[in-house]
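# Close look at the chain arrangement
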Amino acid sequence: MILIFLKIVVFLIFTLALLPFQLIVVFLLKSYSYIIPYFYHNICCKIFGIKIKTSGKLFINPPTLLVSNHASYLDILILGSIYKTSFIAKKEVKKWPVLGILAKLQNTIFIDRKVSSIKKQENQIIEHLNKEKNLVIFPEGTSSDGNQVLPFKSSLFNIFEENINTKVSVKTITIIYKKING
């Protein structure tokens, strides 16, 4: 229990130390806005003892839409440590303490699940990708235990059918968590 507490304290101190630098980068040096989150996610994985084993081709050329299952909030740390990317998250995340600020500083696109908001959000996603940036979407719309893929809920996942002119590659990812003893 003490070890977990210490890890959380180190995480919070590290997070607070990097926040001012990311604020400066986001507002003044936008083209470099993924350098600190990429570094941050790698260090956070080390703090929490997350070991990542990958399979398949990891190199991506922006803009790429990364489509992944969502098994845990650790998925953000893992994917952020492998790819220089932003994420799509439900709008409620924007108001979460600490995580909401971090999400904003990583250019997260916050979505409202109302049908009336879909067109505006589609435009945000296309605009983001048109700036040659990567984006992760979790089409299940929620996290699961990772034993199965839940039905896709994101109507935003369909935007590429209508926007054929957008030159975006799509890469699928499956995240699996394993314990030491299976």
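What counts, and at which threshold
- Residues numbered from 1 in each chain as written.
- Predicted model: local features only at pLDDT ≥ 70, side-chain atom pairs only at ≥ 80, totals over all residues.
- Heavy atoms only, no water.
- Helix = DSSP H or I, 4+ residues; strand = E, 2+ residues; numbered from the N terminus.
- Buried < 20%, exposed > 50% of the residue type's maximum accessible area, 1.4 Å probe, protein only.
- pLDDT = per-residue confidence, 0-100.
- Contact = heavy atoms within 4.5 Å.
- Polar contact = N/O pair within 3.5 Å; in protein donor to acceptor, adjacent residues only side chain to side chain.
- Salt bridge = Lys/Arg side-chain N within 4 Å of Asp/Glu carboxyl O.

We now examine unusual backbone geometry. Residue Pro63 is bonded to the preceding Pro62 through a cis peptide linkage, with omega at 0 degrees. Position of Pro63 relative to the elements: it lies in the loop between α2 (35-47) and β1 (64-68). Phi at Val98 takes a positive value of approximately 60 degrees, unusual for a residue other than glycine. The topology assignment puts Val98 in the loop between β2 (86-90) and α4 (99-105). Positive phi is not limited to glycine here, since Glu132 has a value of about 65 degrees. Structurally, Glu132 is set in the loop between α5 (118-130) and β4 (135-137). Judged by its relative accessible area of 48%, Glu132 falls in the partly exposed class.

Our next topic: the confidence of the model for the protein. When pLDDT is averaged along the protein, the result is 84; 84% of the residues meet or exceed 70. Highest mean pLDDT in the protein belongs to α2 (95); lowest belongs to helix α6 (residues 159-162) (65).

By the secondary structure assignment, His41 is in helix α2. Here His41 falls in the buried class, since its relative accessible area comes to 3%. Residues His41 and Leu74, spaced 33 residues apart in sequence, show a C-alpha to C-alpha distance of 9.9 Å. Not counting the four nearest positions on each side in its chain, His41 is found in contact with Ile76, Leu77, Gly80, Ser81 and Gln106. Of the polar contacts made by the side chain of His41, one reaches the side chain of Gln106; its length is 3.5 Å.

Any two side chains of opposite charge can pair, so long as their charged atoms come close to each other. Summed over all chains, the structure comprises two salt bridges. In this structure, the salt-bridge partner of Lys91 is Asp112, at a minimum N-O distance of 3.9 Å. In this pair, Lys91 sits in the loop between β2 and α4 while Asp112 sits in the loop between β3 (109-111) and α5, placing the two residues 21 residues apart along the sequence. The shortest N-O distance in the salt bridge between Glu127 and Lys131 comes to 3.6 Å. Take Lys131: its relative accessible area is 52%, and that puts it in the exposed class.

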